Amino acid sequence: LVTTEQCYKFLLPHPQCNIQNSECGFILKVTPVSREETGKFNIELSVDDKDYPADLHCHRDVISSANMHLVIEVYFIGKWCNRGISWWGRPEYTVGGDVRW
C-alpha cells in the first residue's frame, strides 16, 4: 500500500546498450489516493533526470508512457492471471474506508 508519493525502479535491458556501471530501466512515480484528495492518484513514467539514480538510465527511444500499461499478477479462481490495472480507472474509498480499485 502506497501512502506517500514514491518512485519505483524497474530494470529493462536495452539490446544495444553498452554503458558501463549503469543499468537500463525506468522510474514510475506513484502518487497515492487520499481521503482528502480522491482524484490525486496517479502513476506516471518519470522522464525527469533528477528522479534517476546514477546507476540507472532510461532509453527514451524505447520507453514512453504512450505504450505502457501497469499489469499485476493475481491468483483468481484457482489460477494465476495478469490484470491490466491501468485500464481500470482510479482507486477510490468505499463507505467502510477501504481503498477499492
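Coordinates for the structure precede this section.
Only a predicted model underlies this, so the values are computations on that prediction, with no experimental measurement involved. (Residues numbered from 1 in each chain as written. Predicted model: local features only at pLDDT ≥ 70, side-chain atom pairs only at ≥ 80, totals over all residues. Heavy atoms only, no water.)

Caption draft 1: Region of interest: the pattern of salt bridges. Here the structure, examined in full by the defined rule, presents 4 salt bridges. A salt bridge links Lys-50 to Asp-51; the nearest nitrogen and oxygen atoms lie 3.7 Å apart. Looking at Asp-51, the relative accessible area reads 16%, which means it is buried. Each of Lys-29, Asp-48, Lys-50 and Asp-51 takes part in salt bridges that share partners, so that together they form one network. (Salt bridge = Lys/Arg side-chain N within 4 Å of Asp/Glu carboxyl O. Buried < 20%, exposed > 50% of the residue type's maximum accessible area, 1.4 Å probe, protein only.)

Caption draft 2: How the structure looks around the side chain of Lys-29. Looking at the secondary structure, you find Lys-29 in strand S2 (residues 23-31). Dropping the residues within four chain positions of it, Lys-29 is found in contact with Glu-5, Gln-6, Cys-7, Asn-42, Ile-43, Glu-44 and Asp-51. (Helix = DSSP H or I, 4+ residues; strand = E, 2+ residues; numbered from the N terminus. Contact = heavy atoms within 4.5 Å.)

Caption draft 3: Structural context of the environment of Glu-23. Note that Glu-23 resides in strand S2. Setting aside residues up to four positions removed in sequence, Glu-23 forms contacts with Lys-9, Leu-11, Asp-55, Leu-56 and His-57.

Caption draft 4: Inspection of the environment of Cys-7 at higher detail. Within the element layout of this structure, Cys-7 appears in strand S1 (residues 6-11). Looking at Cys-7, the relative accessible area reads 38%, which means it is partly exposed. For the pair formed by Cys-7 and Tyr-52, sequence separation is 45 residues and the distance between their alpha carbons is 9.4 Å. Once residues lying within four places of it in the same chain are set aside, the contact partners of Cys-7 are Ile-27, Leu-28, Lys-29 and Asp-51.

Caption draft 5: Highlighting the side chain of Ser-46. In this structure, Ser-46 sits in the loop between strand S3 (42-45) and strand S4 (56-57). Apart from residues lying up to four places away in sequence, Ser-46 is in contact with Ile-27, Asp-51 and Tyr-52.

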